[in-house]
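# Remarks on the overall topology
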Amino acid sequence: MVIYIEQVLIDNFIINFLILLSLSKILKVKLKKYRLVISSLLGSIVALILPLFNFSFILNSLVKILLSLIMVILVKKFTKFKEYFLYHLTFLLLTFVFGGACLFILTMFDKNFNTSNFSTYSLPLGAIVLIILFIYIVIKNIFKNFYTRQKINNFIYKIIIENNNEKDEILAFLDSGNTLEDSLTKKPITIVNFNSLKNVLKDISITDIILNKETKLNKSFKNVHIENTQSIGKSTNKILVMEVEKLEIYSDKNVNIINNAIIGLTLKNFINDLGYNALLNIKLMEGKIWKFHKF
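Let me begin by describing the structure that accompanies this report. (Residues numbered from 1 in each chain as written. Predicted model: local features only at pLDDT ≥ 70, side-chain atom pairs only at ≥ 80, totals over all residues. Heavy atoms only, no water.)

## So, the overall build of the chain
Within the chain one finds seven helices and seven strands. Along the chain direction, N to C, the helices and strands of the chain fall in the order α-α-α-α-α-β-β-β-α-α-β-β-β-β. The proportion of buried residues among the 295 residues of the chain is 40%. Only carbon and sulfur atoms are counted for the fraction: they give 62% of the accessible area of the chain, which is about 17600 Å². (Helix = DSSP H or I, 4+ residues; strand = E, 2+ residues; numbered from the N terminus. Buried < 20%, exposed > 50% of the residue type's maximum accessible area, 1.4 Å probe, protein only. Areas by Shrake-Rupley, 256 points an atom, 1.4 Å probe, with all protein chains shown as cover.)

Encoded structure:
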């Protein structure tokens, strides 16, 4: 009986705790740990004693529903029913996910498991918990990456670079660290990947950029020159800077049109999964009120 108590009480407590932790990660809220412990402990105790009463399926299901309602109530103080409903719905969905994982593990690897009585498993103590812990880590990282991506998306803008009646539409990231100023024109520099300007730079080759063939470049662009930039590590880099006729920055239905804008070309690819190929200068947005547009 001691082994039985360890398996049911400890395993269920840890699984319940991980479900509640997953809930906090998904809803992006900080829940007090002692509340999670109390709620998880209640769920474990009920899971321990419920099979002893031999309730019918309907009554057993009603007890579990009531238990889920109480467990969610215990995690925090709710002021609105809508908020509680969201927490409870998320809790139920997570319970199905974790419970389904447990059922799969027991069915596949425990020959003594009986689906009519979830207390009849014989896997070693903690075996299920380790797998459930892995599932929790996966869920946590999925939503962490999701929220990080959403946050970054708030700073992604569609821009159009135009010169000599040629246009290129690309995505740009508003980089708070990009405060580069052109020493010649005293204008902010927007860093753009060379390969993303298929139309604007259609007559310019990588060789022209590397060798800085100003004569050829000056036929299409104004103020072509090499600009020395300094990185955070105080190392000096050189970028080819030029003036384009127009830079348009779109945000929702608004557009910020910057005439005679300065861009700096880089041959380095922006390694990201958001698709942006330029770094907007933060100075271009000063004094502007924007509604962020998500792509």
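Further notes follow.
## Details of helix H4 (residues 81–109)
Taking 1.5 Å as the rise per residue, H4 with 29 residues should run 42 Å; its terminal C-alpha atoms sit 41 Å apart, in good agreement. Tyr84, Tyr87, His88, Thr90, Phe91, Leu94, Phe98, Ala101, Cys102, Ile105 and Leu106 are the residues of H4 that are buried. (Expected span 1.5 Å × (residues − 1).)

## Observations regarding a nonpolar patch on the surface
Side chains of Leu41, Ile45, Ile49, Leu52, Phe53, Phe55, Phe57, Ile58, Leu59, Leu62 and Ile65 sit close together on the surface and give an oily, nonpolar patch of about 1100 Å² of accessible area. Inspection of the secondary structure assignment puts Phe55 in the loop between helix H2 (33–53) and helix H3 (57–75). (Patch = residues over 30% accessible without salt bridge, like charges linked within 9 Å, V, L, I, M, F, W, Y side chains within 5 Å. Salt bridge = Lys/Arg side-chain N within 4 Å of Asp/Glu carboxyl O.)

## A closer look at the pairing of strand S2 (residues 166–175)
Relative to S2, strand S1 (residues 156–163) runs antiparallel, the two sharing eight bridges. For Ile161, the partnering residue across the bridge sits in S2 and is Asp168. Hairpin geometry of S1 and S2 is characterised by an intervening segment of two residues between the two adjacent antiparallel strands and by a positive phi of about 50° at Asn164. Pairing of S2 with strand S7 (residues 278–281), which is carried by four bridges, proceeds in the parallel orientation. The partner of Phe173 across the bridge, within S7, is Leu279. (Pairing = 2+ DSSP bridges.)

## Remarks on the packing of aromatic side chains
Following the criterion strictly, the structure yields six aromatic pairs and no others. Arranged with centres 5.4 Å apart and planes meeting at 25°, the rings of Phe173 and Tyr276 form a pair that is stacked. Residue Phe173 is found in strand S2, and its partner Tyr276 is found in the loop between strand S6 (254–266) and S7; the two are separated by 103 residues along the sequence. Tyr276 shares its class with Phe173; the two are buried. Joined through ring pairs, the aromatic side chains of Phe78, Tyr84 and Tyr87 make up one cluster. (Phe/Tyr/Trp six-rings, centres within 6.5 Å; stacked < 30°, edge-to-face > 60°.)

## Let's talk about a positive patch on the surface
On the surface, Lys25, Lys30, Lys33, Lys140 and Lys144 cluster together into a patch of positive charge. Note that Lys140 resides in helix H5 (residues 127–153). (Lys, Arg positive; Asp, Glu negative; His and termini not counted. Charge placed at Lys NZ, Arg CZ, Asp CG, Glu CD.)

## Description of the environment of Glu169
Mapped onto the elements of the fold, Glu169 is located in strand S2. Look at Glu169 and you get exposed, because its relative accessible area is 56%. Expressed as a C-alpha distance, the spacing of Glu169 and Asn199, which sit 30 residues apart in the sequence, is 9.6 Å. In this view, Glu169 contacts Lys158, Ile159 and Ile160; residues no more than four positions away in its chain are not counted. (Contact = heavy atoms within 4.5 Å.)

## Looking at the pattern of salt bridges
Across all of its chains, the model carries six salt bridges by this definition. Across the salt bridge formed by Glu162 and Lys246, the nearest N and O atoms sit 3.9 Å from each other. Of the two residues, Glu162 sits in strand S1 while Lys246 sits in strand S5 (residues 236–251), which places them 84 residues apart along the sequence. Look at Glu162 and you get buried, because its relative accessible area is 13%. By relative accessible area, which is 23% here, Lys246 ends up partly exposed. Lys187 serves as the salt-bridge partner of Glu243, at 3.9 Å between the closest nitrogen and oxygen. Here Lys187 lies in the loop between S2 and strand S3 (189–193) and Glu243 lies in strand S5, a separation of 56 residues in the sequence. The class of Lys187 is partly exposed, set by a relative accessible area of 27%. Through salt bridges with shared partners, one network takes in Glu162, Lys246 and Glu248.

## Considering the environment of Gly99
One can find Gly99 in helix H4. Since its relative accessible area comes to 33%, Gly99 is described here as partly exposed. For the pair Gly99 and Ile19, spaced 80 residues apart in the sequence, the C-alpha separation amounts to 9.8 Å.

## A short note on the pairing of S3
Burial within S3 is extensive, with five of its five residues counted as buried. Judged by which residues are buried, S3 turns out to be covered on both faces: Ile189, Ile191 and Asn193 on one side and Thr190 and Val192 on the other are all buried. Taken together, the five bridges between S3 and S6 define a ladder with parallel strand orientation. Across the sheet, residue Asn193 finds its bridge partner in S6, namely Thr266. Two strands pair when backbone bridges link them, and S3 and S7 are joined in this way by two bridges, in the antiparallel orientation. Paired with Val192 across the two strands is Ala278, which belongs to S7.

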